[in-house]
Amino acid sequence: LKNDQLDQWDRDNFFHPSTHLAQHARGDSPSRVIKTANGVHIEDRDGNQLLDAFAGLYCVNVGYGRQDIAEAIAAQAKELAYYHSYVGHGTEASITLSKMILDRAPSNMSKVYFGLGGSDANETNVKLIWYYNNILGRHEKKKIISRWRGYHGSGLVTGSLTGLELFHKKFDLPLAQVVHTEAPYYFRRDDLSQTEEQFVAHCVAELEALIEREGADTIAAFIGEPVLGTGGIVPPPAGYWAAIQAVLKKHDILLVADEVVTGFGRLGTMFGSDHYGIEADIITIAKGLTSAYAPLSGSIVSDKVWKVLEQGTDENGPIGHGWTYSAHPIGAAAGVANLKLIDELDLVTNAGEVGAYLNKTMTEALGSHPNVGDIRGEGMLCAVEFVKDKDSRTFFDAADKIGPQISATLLAQDKVIARAMPQGDILGFAPPFCLTKAEADTVVAATAAAVKTVLG
Ligand code: PLP
């Protein structure tokens, strides 16, 4: 097929996620057809090689073109492409993967339920939490607390948990069972005189006030990403997670760690929970579980939650929750091969080391630019936030579209992909874990050049 034919069919037939639908259908925004990929590079049908410093959507963690995973998928498809996992049925791949996940998860974790993507896994989590409280007779304890700027998916419950306006407006969200609290976003604190410690105390006070207002008896759980991702790539200030967990424990509120981005190594530790000392009751996993070679997600539940679920089904019969494709054999085969590869190549260590190098060199290159307000990151995550005026921390108007302009310039000038995060002028980087220091240098030099073009 010719490129212009594909372009026409794309506009005529396909409506894309997270896309300005009218502009795309009119042809105002370019269609790019991706053909192949290897390592940290993707290639389009015109032969353009692009350095993908966002690993797709922070998911191709082991890098593109891994033949071991492709072969494991092919072998599974030939042997058994599908059988369901209802009523105790399993496959060697799904059972092996459940063991591999539990071997890597924090020690209080007990069992994994498989889904397809991060959104459905968080949907499962909310249902499990409600089921758990119903079994315990706590029928009013159902609300879920999430943070502004958290990202947990775009379904009805998960879009409600997501604390970004774009995911609510015109969809009549959030649902009433979801309430939001302050994000641990020190750079954007209202009171610039606050130290990090004072800001953590402020986040805790906001959470306490929300619990008091709603009533602890109505609140079932708190969900958070160890490092806020789509909301701006924001590592929490020191002491944040310990302080939040103390409040949750006091009010008997479950904690869900959404590790869709941080799970399986992105912070330089196997889980973000290990990195921050988070003792979750449920952990959400997706993206890095298969490095996106096939769709697969999971809800890992702790001993504490499992004991209640188990007891509940003894009394009430089978749990009424299941997806046709839960534990799909092809996804599971991809997961097994992916986790083996992460171990063999020691990619978690590389994510920590090269990620630290990327953050350091980005800070050296751009830290003193008058329009760079903040450079932050953890492991293989990095963000550069732009401001109109640094001293007064004045932000650009949304209409200036500085973040999108810089990411478009970066792509046009040097063929590097970074993501303009959806809220604020923030350029995000989340490269594959196999990024080398030389490739990190390319990303930093290209970013500095794009910033110079747009902002001087
Ligand atoms: N949770 C987090 C932290 C995410 O970053 C995402 C997606 O980016 C999701 C959940 C939703 O995952 P999915 O897009 O696979 O449904």
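Keep in mind the model is a prediction, meaning the values are calculated, not measured.

Moving on, we come to the sheet that holds strand β11 (residues 372–378). The four strands lie next to each other as β11-β12-β15-β14, forming an open sheet whose pairing is antiparallel. Only two strands of the sheet have a single neighbouring strand rather than two, namely β11 and β14 (419–420). Where strand β12 (residues 381–386) and strand β15 (residues 426–429) come together, four bridges link them in antiparallel fashion. What sits directly across from C382, in β15, is F429.

Spatially, β4-β10-β9-β8-β7-β5-β6 is the arrangement adopted by the seven strands of the open sheet, whose pairing is mixed. A strand with exactly one partner marks an edge of an open sheet, and here the two such strands are β4 (109–115) and β6 (178–181). Adjacent strand axes in the sheet meet at a mean angle of 20°, parallel and antiparallel pairs treated alike. Where β4 lies against strand β10 (residues 297–302), six bridges are found, and the strand directions are antiparallel. Bridged to K111 within β10 is V301. The strands that helix α11 (residues 303–316) touches are β4, β9 (282–285) and β10; relative to β10, the one it contacts most, it runs at about 90°.

Before going further, it helps to spend a moment on the environment of H41. Along the polypeptide, H41 turns up in strand β2 (residues 41–44). Residue H41 is classed as partly exposed on the basis of its C-beta count, with 18 C-beta atoms lying within 10 Å. For the pair H41 and A53, spaced 12 residues apart in sequence, the C-alpha to C-alpha distance is 8.7 Å. Among residues more than four places away in sequence, those in contact with H41 are Q49, L50, L51 and D52.

Of all residues adjacent to the ligand, which total 15 residues, the nearest are G117, G118, S119, G153 and V260. Sorting elements by how many residues they give to the shell around the ligand places helix α6 (residues 118–135) first, with three residues.

The next subject is α6. The terminal C-alpha atoms of α6 lie 26 Å apart, and with 18 residues this matches the ideal 26 Å at 1.5 Å per residue to within 8%. Of the residues making up α6, those classed as buried are G118, S119, D120, A121, N122, E123, T124, N125, V126, L128, I129 and Y132. Immediately downstream of α6, the backbone of G137 shows phi near 75°, a positive value.

Below, the discussion takes up unusual backbone geometry. The residue after L173, namely P174, is reached through a cis peptide bond having omega 5°. Structurally, P174 is set in the loop between α7 (156–161) and β6. With a phi close to 70°, K170 is a non-glycine residue in the positive phi region. With respect to the helices and strands, the residue K170 is situated in the loop between α7 and β6. Despite not being glycine, K401 has its phi angle at roughly 50°, a positive value. Note that K401 resides in the loop between β12 and α14 (402–414). On the basis of neighbour count, K401 is assigned to the partly exposed category, with 14 C-beta atoms found within 10 Å.

Once that is clear, we can look at the pairing of β10. Counting buried residues along β10, six of its six residues qualify, which places the element largely inside the surrounding structure. The alternating pattern of β10 places S297, S299 and V301 and G298, I300 and S302 on opposite faces, both of which are buried. Of the pairings in the sheet, the one linking β9 to β10 comprises four bridges and is antiparallel in character. Looking at β10, one finds that I282 is bridged to V301.

Quick look at the packing of helix α13 (residues 347–366) against helix α15 (residues 437–455) now. At a minimum axis distance of 9 Å, the contact between α13 and α15 shows a crossing angle of 30°. Considering the angle they form, α13 stands roughly parallel to α15. Viewed along their axes, α13 and α15 form a crossing whose handedness is right-handed. Seen from α13, the contacting residues are V354, Y357, L358, T361, M362, A365 and L366; seen from α15, they are K437, A440, D441, V443, V444, T447, A448 and V451.

Let's shift gears to the pairing of β6. Alignment of strand β5 (residues 143–147) against β6, held across four bridges, turns out to be parallel. Note that in β6 the partner of S146 across the bridge is H180. In the classification by handedness, the crossover that spans β5, the intervening α7 and the parallel β6 is right-handed.

Attention now moves to the domain arrangement of the chain. Taken domain by domain, the chain consists of domain 1 (32–62 + 346–455) and domain 2 (68–344). Facing the 30 residues of domain 1 at the interface are 28 residues of domain 2.

Each value, and the rule that gives it
- Residues numbered from 1 in each chain as written.
- Predicted model: local features only at pLDDT ≥ 70, side-chain atom pairs only at ≥ 80, totals over all residues.
- Pairing = 2+ DSSP bridges.
- Helix = DSSP H or I, 4+ residues; strand = E, 2+ residues; numbered from the N terminus.
- Axes fitted to C-alpha atoms, helices over the stretch in contact; angles between N-to-C directions.
- Contact = placed C-beta atoms within 7 Å.
- Buried ≥ 20, exposed ≤ 12 C-beta atoms within 10 Å, placed from the backbone.
- Near = placed C-beta within 6 Å.
- Expected span 1.5 Å × (residues − 1).
- Parallel < 35°, antiparallel > 145°, perpendicular 65-115°, else oblique.
- Left-handed = near helix turned anticlockwise from the far one by under 90°.
- Right-handed = clockwise from strand over helix to strand, strands pointing away.
- Domains from an automatic or database assignment.

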